[in-house]
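For reference, the chains in residue letters:
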Amino acid sequence: MPATLVVGTQWGDEGKAKVIDYLSKDTDIIVRYQGGANAGHTVVVHGKKYVFHLVPSGIIYDQTVCVIGNGVVLDPTFFIEECDKLQAEGFPVYDKLLISDACHLLFPFHGLIDSARESSCTPDRKIGTTKKGIGICYADKMMRIGLRVGDLRESDFETRLQHLVDEKNRELVKLYDGEELSAKEILENVKKFYSKIQKNIINTPYYLESQLKAGKKILLEGAQGTGLDVDFGTYPYVTSSNPTTGGAFIGSGIAFHHLKSVIGITKAYTTRVGEGPFPTELHGEEGERLRTLGAEYGATTGRPRRCGWFDTEVLRHAVRINGLTSIALTKIDVLSAYDKIPVAVAYERNGKKLDCFPSQGLDQVKVIYEEFPGWKTDITGIGEFDKLPSACKDYIRALEKLIGVRIDLISTGPDRKDTIASGF
């Protein structure tokens, strides 16, 4: 059976969790392939809200098995807290959640160093990190000094952990005037983690390929979005991994020939959290209005998201990088209050129209807009395309034409049922 990938096309927070939840009913295995607990995914089912951070949101379906891939950086303490909370909600997490033995472990010193580095930066050099240590853990991975989940089974784990803690303590004390951490205390917490998940540790590339050959349907999910990809996003204001299609292969171990569908998730407008260029950003009252209408606050941090109009250059970039086969459009209902809806259709810089989304100098572009009429009718919960107002349908079709990829799914509200599926 082929695998399906769901990928964010903007700067994250596009509503991936709802789309993943919608697709999960027809899925056997869901794989989280990158990122850490810095991302939050929100799903609303029958009016009840569930927020996921490390655990794939498909865990709430009875038939699904969920997998934490090798591309994830896993905070053991946070992970157990999240699993225990979901277990208390009635979801048998520990019975159907598998973890890659090659998944890197994130420790308290990662977050402390992350926070210290960000705090020591001048305002113009801040990245906007969540200070949870994600980037520092990925740096250790690339420096080849990190510890992985599978290492917990090895006899030298305690020695390697002590060496790593000693090294990080020197950095905390000498560079940031911090306090030393106790390797013994960290080890005790990791042992608690291991006692709960040791039976769930597997070789994920082998497992996933065997399940595909057995006819199982696999759905790949990441965190963040294309604009935050460390290679193809607005560097340096990016995440520390690859949320894009290439990262899905590396972070799961699934070979490229298994992937047949790549679904890009996009809001009907654009948001961004943290620092970095944002060409269509709305400021002042306009930005606050859209933020309020869309309830645009981070699921993990609660930070207010920066809001702006839909940007087709960002989307065309995402199509190009990810090989998108279709689009899922979310939060179209939020725009129901507007008389006119501007859409960014191109960029100019120094009086010249740009051919594509630039790798540098995004803060210097001038945005060219095209304006579309609003529909001024509440469309929340509409489940059929033909029942949408004409102006809303025209807006959706215009986006489809500008992006160059068909829109197969439309979300008209936060609940699982507020969805228009393909066939319209």
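If you're wondering where the values come from, they're calculated on a predicted model, not measured in any experiment.

1. What about the nonpolar core?
In step 1: Ile218, Leu220, Ile332, Leu335, Trp375, Tyr395 and Ile396 are the most contacted members of the largest nonpolar core, which totals 66 residues.
In step 2: When residues of this core are assigned to their parent elements, the largest contribution, seven residues, is made by helix α12 (residues 390–403).
In step 3: Not counting residues within four places of it along the chain, the set of residues in contact with isoleucine 332 comprises Ala268, Trp375, Ile379, Cys392, Tyr395, Ile396, Ile410, Ser411 and Thr412.
In step 4: Formed by 55 residues, the second largest nonpolar core is a distinct cluster that contains Ile30, Ile136, Val190 and Ala328.

2. Digging into unusual backbone geometry
Keep in mind that most residues, glycine aside, have a negative phi and that most peptide bonds are trans.
In step 1: Proline 236 follows tyrosine 235 through a cis peptide bond whose omega is 10°.
In step 2: Positionally, proline 236 belongs in the loop between β10 (218–221) and α9 (245–252).
In step 3: For aspartate 13, which is not glycine, the phi dihedral falls at a positive 60°.
In step 4: Within the element layout of this structure, aspartate 13 appears in the loop between β1 (3–8) and α1 (16–24).
In step 5: A positive phi angle, close to 50°, is found at lysine 376, a residue other than glycine.

3. Concerning the layout of surface pockets
In step 1: Roughly 420 Å³ of internal volume is contained in the second largest pocket.
In step 2: If you trace the second largest pocket, you find 24 residues lining it, with Thr4, Leu23, Leu219, Ser261 and Ile263 closest to the centre.
In step 3: At the level of elements, β1, α1, β10, β11 (259–267), β15 (326–330) and β19 (407–411) are the ones that each hand at least two residues to the lining of the second largest pocket.
In step 4: Tallied by class, residues from the lining of the second largest pocket come to 13 nonpolar, six polar and five charged.

4. Describing the UniProt feature "binding site: Mg(2+)" (unreviewed entry) in the chain
In step 1: With numbering matched to this structure, UniProt assigns "binding site: Mg(2+)" (unreviewed entry) to Asp13 and Gly40.
In step 2: Beyond its immediate sequence surroundings of up to four residues, aspartate 13 is in contact with Lys267, Thr271, Val273 and Arg305.

5. Brief notes about the packing of helix α4 (residues 108–120) against helix α6 (residues 157–176)
In step 1: Across the interface, α4 lies against α6 with an axial gap of 10 Å and an inter-helix angle of 25°. What the angle tells us is that α4 and α6 run roughly parallel. In this structure, α4 meets α6 at a crossing whose hand is left-handed. Between α4, through Phe109, Leu112, Ile113, Ala116, Arg117 and Ser120, and α6, the contact on the second element is made entirely by Leu164, Val165, Lys168, Glu171, Leu172 and Tyr176.
In step 2: When its residues are assigned to classes, the contact of α4 with α6 shows eight nonpolar, one polar and three charged.

6. Points about the environment of glycine 128
In step 1: Within the secondary structure layout, glycine 128 lies in the loop between α4 and α5 (134–143).
In step 2: On the accessibility criterion, glycine 128 (17% relative accessible area) is buried.
In step 3: Sequence separation between glycine 128 and valine 238 is 110 residues; the distance between their C-alpha atoms is 8.9 Å.
In step 4: Setting aside anything within four residues of it in sequence, one finds glycine 128 in contact with Glu118, Gly274, Glu275 and Arg303.

7. Describing the sheet that holds β15
In step 1: The strand order across the open sheet built from ten strands is β9-β7-β5-β2-β10-β1-β11-β15-β19-β20, with neighbouring strands paired in mixed fashion. The open sheet has two edge strands with one neighbour each: β9 (201–202) and β20 (419–420).

8. Quick word on α12
In step 1: In a regular helix each residue adds 1.5 Å, so 14 residues correspond to 20 Å; α12 covers 20 Å between its end C-alpha atoms and thus fits that length.
In step 2: Listed as buried for α12 are Ala391, Cys392, Lys393, Tyr395, Ile396, Ala398, Leu399, Glu400 and Ile403.
In step 3: In this structure, the buried side of α12 is in contact with β14 (310–311), α11 (312–322), β15, β16 (340–349), β18 (366–373) and β19.
In step 4: Glycine 404 sits one or two residues past α12 and shows a positive phi near 90°.

9. A closer look at the packing of aromatic side chains
In step 1: One pass over the full model with this rule turns up seven aromatic pairs.
In step 2: Where phenylalanine 79 meets phenylalanine 193, the ring centres are 6.1 Å apart and the plane angle is 75°; that geometry is what we call edge-to-face. Here the residue phenylalanine 79 occupies a position in helix α2 (residues 76–88), and phenylalanine 193 occupies one in helix α7 (residues 183–197), the gap between them amounting to 114 residues. As far as burial versus exposure is concerned, phenylalanine 79 and phenylalanine 193 are alike and both buried.
In step 3: By the ring-pair criterion, three or more aromatic residues cluster together here, those being Phe372, Trp375 and Tyr395.

Cut-offs applied
Residues numbered from 1 in each chain as written. Predicted model: local features only at pLDDT ≥ 70, side-chain atom pairs only at ≥ 80, totals over all residues. Heavy atoms only, no water. Core = buried A, V, L, I, M, F, W, Y, C linked by side-chain atoms within 4.5 Å. Buried < 20%, exposed > 50% of the residue type's maximum accessible area, 1.4 Å probe, protein only. Helix = DSSP H or I, 4+ residues; strand = E, 2+ residues; numbered from the N terminus. Contact = heavy atoms within 4.5 Å. 1 Å grid on protein atoms, 1.4 Å probe; cavity = no way out; pocket = protein on both sides within 12 Å on 5 of 7 lines; lining within 4 Å. Points joined across faces, edges and corners; volume = space filled by probe spheres on them. Nonpolar A, V, L, I, M, F, W, Y, C, P; charged D, E, K, R; others polar. UniProt positions renumbered as here; feature names shortened; annotations may be inferred. Axes fitted to C-alpha atoms, helices over the stretch in contact; angles between N-to-C directions. Parallel < 35°, antiparallel > 145°, perpendicular 65-115°, else oblique. Left-handed = near helix turned anticlockwise from the far one by under 90°. Pairing = 2+ DSSP bridges. Expected span 1.5 Å × (residues − 1). Phe/Tyr/Trp six-rings, centres within 6.5 Å; stacked < 30°, edge-to-face > 60°.

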